[in-house]
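Geometric and topological summary
Here is what each chain is made of, one letter per residue.
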Amino acid sequence: MTRLATAHILLAVTGGVAAYRAADLASQLVQAGAKVDTILTEGAAQFIQPLTFAALTRRPVHTDLFAPWSGDALGHLSLARDAEVMLVAPASANAIARLSLGLASDLLGAVALSTSAPLIVAPAMEHGMFHHPATQSHLQTLRDRGATVVGPAHGRLASGAIGDGRLVAVGELLDAVRQALGRDGPLAGIRIVLTAGGTREALDPVRYLGNRSSGKMGYALAYAAIDLGAAVHLITGPVNLPAPAGIEVTEVESAAAMHQAVGDATRSADVLIMAAAVADFRPRHRQTQKIKKQPDTEPLTLELKRNPDILASISHTGLIKVGFAAETEDLLANAEKKLTAKTLDMIVANDATATIGSGTSTAIILRPGQRPESLPEMTKEALAQHILEQVAEIVTRNKSGATR
Ligand SMILES: Cc1cc2nc3c(=O)[nH]c(=O)nc-3n(C[C@H](O)[C@H](O)[C@H](O)COP(=O)(O)O)c2cc1C
């Protein structure tokens with residue numbers, strides 16, 4: 001269950017061609033478990049019907065500031081009070097101007113002035129409208145007041161022109177909402193460096209030694225950290241997964257590049273979580289030309305050299321270190337050895353063949369001085385949440401001055 005599952009989101013749709021994409025956004029928020037209240041501006045109702053959102057969210061849609069109040073439902077005041085995040089998507093140039101000026105002439109403006117929920121604005125318009133100094137200055141005013149501006153993306157616009165002004169992908173908006181929801185979480189203000197995926201060790205210009213890591217665990221950890229409010233720096237090997245939008249991402253290939261990136265990133269970090277499957281060995285010599293098939297039947301011999309152990313080599317005072325031990329034998333004994341040898345605060349041990357590339361994992365969590373915690377098989381998302389809750393506990397304990 002992600003943070004979205006218990007969230008109450010206020011979605012404000014304004015008058016632009018991209019209003020149709022807000023229907024998909026509302027649907028995905030509802031599918032993630034969120035309660036969604038929708039406001040449609042007068043402009044938005046020219047492009048899409050309130051009924052679409054009423055059906056998708058299974059809640060009344062709000063269009064009129066002067067609609068009668070009844071019972072405990074206090075119109076714009078109730079919408080403002082209940083919202084945990086206010087998301088304006090798409091945001092027209094006109095709506096952006098009204099928000100920046102603090103006009104309360106319609107329901108959107110009145111709610112925006114009344115709510116204490118974080119505001120996310122996703123502009124969508126033609127290139128010229130977006131780059132106009134008036135729009136830019138209004139957006140800057142909103143940013144200065146603490147709003148998050150997401151996008152716009154570059155690409156094909158409604159006019160057929162190519163430029164800046166497309167509403168960003170729905171996934172990016174969901175990520176922004178998750179970040180806003182987490183901002184007061186137990187890891188708010190904590191900087192977490194997280195590695196994910198496998199590394200590739202070049203043999204020649206076209207071939208490499210790799211492993212089957214999908215990156216699912218590391219990416220699930222990134223989302224779980226965001227949900228608890230952490231600032232995440234994801235250092236990732238090549239994977240087929242989209243990284244969460246709005247976080248710092250460093251893409252690397254080899255173990256050496258990952259080592260360098262982790263060393264740089266942890267200088268200003270509070271927590272390091274190494275979920276990447278880092279190659280233990282690399283070819284002693286990387287061939288500069290493609291290795292040719294030999295005419296004879298002689299086997300090709302590869303000489304391998306040990307890679308440095310990233311997690312063992314990094315130790316700043318106060319840095320909380322979490323490792324993973326994917327083993328094919330003697331799971332507990334090997335994990336315990338790593339916990340001590342690498343001075344870790346936590347290690348997550350699991351069966352390498354069952355977990356690598358899979359959507360689920362059966363893990364044992366080890367912490368110094370504590371009994372191993374055996375977890376039942378669960379999704380990597382659920383395991384990630386469990387791990388990050390423990391990280392939050394360690395952070396809190398360390399802050400309160402206790403030693404481990
Ligand atoms: C066909 C058409 C498409 C439009 N598309 C956009 C758009 O993508 N972005 C935008 O900011 N305004 C767009 N406009 C202008 C807005 O609809 C107009 O400024 C309106 O007053 C916005 O209303 P609202 O801010 O209350 O939603 C469009 C207008 C028309 C007629």
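Report follows, based on the coordinates.

On the surface, a nonpolar cluster with roughly 370 Å² of combined accessible area is contributed by Phe281, Leu300, Leu302 and Leu304. Tracing the backbone shows Leu302 in the loop between strand S15 (281-283) and strand S16 (304-306). Relative accessible area serves as the criterion here: at 41%, Leu302 is assigned to the partly exposed category.

Turning next to the pairing of strand S2 (residues 35-40). Within S2, five of the six residues are buried, which leaves the element mostly enclosed by the surrounding structure. Both strand S1 (residues 8-13) and S2 contribute to a ladder of six bridges, which runs parallel. Within S2, the residue paired with Val13 across the bridge is Leu40. Taken together, S1, helix H1 (residues 19-31) and S2 constitute a β-α-β crossover, and its handedness is right-handed. The sheet contact formed by S2 and strand S3 (residues 61-62) spans two bridges and is parallel. From the neighbouring strand, Ile39 faces S3, where its bridge partner is His62. On the question of chirality, the crossover connecting S2 to the parallel S3 by way of helix H2 (residues 50-57) is right-handed.

Tallying each qualifying case throughout the model produces eleven salt bridges. In this structure, Arg191 engages Asp270 in a salt bridge whose closest nitrogen and oxygen atoms are separated by 3.4 Å. You can see Arg191 sitting in strand S9 (residues 191-196) and its partner Asp270 sitting in the loop between helix H10 (255-266) and strand S14 (271-274), a full 79 residues away along the chain. Judged by relative accessible area, Arg191 falls into the partly exposed class, the value being 39%. Between Asp204 and Arg207 there is a salt bridge, and its shortest N-O distance comes to 2.6 Å. Judged by relative accessible area, which is 1%, Asp204 ranks as buried.

It is worth spelling out the pairing of S14 at this point. Looking down a regular strand, the side chains alternate between one sheet face and the other. On S14, burial covers both faces: Val271 and Ile273 on one face and Leu272 and Met274 on the other are all buried. Two elements, S9 and S14, share four bridges in a ladder whose sense is parallel. Across the sheet, residue Thr195 finds its bridge partner in S14, namely Met274. Across four bridges, the pairing between S14 and strand S17 (residues 320-327) is parallel. By the bridge assignment, Ile273 is partnered in S17 with Val322.

Generally speaking, a soluble globular protein has its nonpolar side chains buried in company with each other. One finds Leu187, Ile192, Leu221, Ile273, Ile387, Leu388 and Val391 to be the most contacted residues of the largest nonpolar core, which totals 38 residues. Those elements that provide at least two residues to this core are S9, helix H9 (216-227), strand S12 (231-236), S14, S17, strand S18 (346-351), strand S20 (363-366) and helix H14 (380-399). Other than its neighbours up to four places away in sequence, Ile273 contacts Ile192, Val193, Leu194, Thr195, Leu221, Val322, Phe324, Leu388 and Val391. Of all hydrophobic cores here, the second largest spans 36 residues; its members include Leu11, Ile48, Leu87 and Leu181.

To continue, consider H9. Taking 1.5 Å of rise per residue, twelve residues should cover 16 Å, and H9 covers 16 Å from first to last C-alpha, within 8% of that figure. The buried fraction of H9 is high, at eleven of twelve residues. Within H9 the residues assigned to the buried category are Met217, Gly218, Tyr219, Ala220, Leu221, Ala222, Tyr223, Ala224, Ala225, Ile226 and Asp227. The secondary structure elements touched by the buried residues of H9 are helix H8 (170-182), S9, S12, S14, S17 and H14. One or two steps after H9, the chain reaches Gly229, where phi turns positive at roughly 95°.

It is worth spelling out the packing of aromatic side chains at this point. Scanning the entire structure with this criterion turns up zero aromatic pairs. Sitting over the face of the ring of Phe281, Arg306 holds its NZ or CZ atom 5.6 Å from the ring centroid.

Within the element layout of this structure, Thr195 appears in strand S9. The contacts of Thr195, once residues within four sequence positions are left out, are Gly218, Ile235, Met258, Val262, Ile273, Met274, Ala275 and Ala276.

Moving on, we come to the environment of Thr328. Along the chain, Thr328 turns up in the loop between S17 and helix H12 (331-341). Residue Thr328 is classed as exposed on the basis of its relative accessible area of 64%. Along the chain, Thr328 and Asp351 lie 23 residues apart, while their C-alpha atoms are 5.8 Å from each other.

What counts, and where the lines are drawn
- Residues numbered from 1 in each chain as written.
- Predicted model: local features only at pLDDT ≥ 70, side-chain atom pairs only at ≥ 80, totals over all residues.
- Heavy atoms only, no water.
- Patch = residues over 30% accessible without salt bridge, like charges linked within 9 Å, V, L, I, M, F, W, Y side chains within 5 Å.
- Areas by Shrake-Rupley, 256 points an atom, 1.4 Å probe, with all protein chains shown as cover.
- Salt bridge = Lys/Arg side-chain N within 4 Å of Asp/Glu carboxyl O.
- Helix = DSSP H or I, 4+ residues; strand = E, 2+ residues; numbered from the N terminus.
- Buried < 20%, exposed > 50% of the residue type's maximum accessible area, 1.4 Å probe, protein only.
- Pairing = 2+ DSSP bridges.
- Right-handed = clockwise from strand over helix to strand, strands pointing away.
- Core = buried A, V, L, I, M, F, W, Y, C linked by side-chain atoms within 4.5 Å.
- Contact = heavy atoms within 4.5 Å.
- Expected span 1.5 Å × (residues − 1).
- Phe/Tyr/Trp six-rings, centres within 6.5 Å; stacked < 30°, edge-to-face > 60°.
- Lys NZ or Arg CZ within 6 Å of the ring centre and 35° of its normal.

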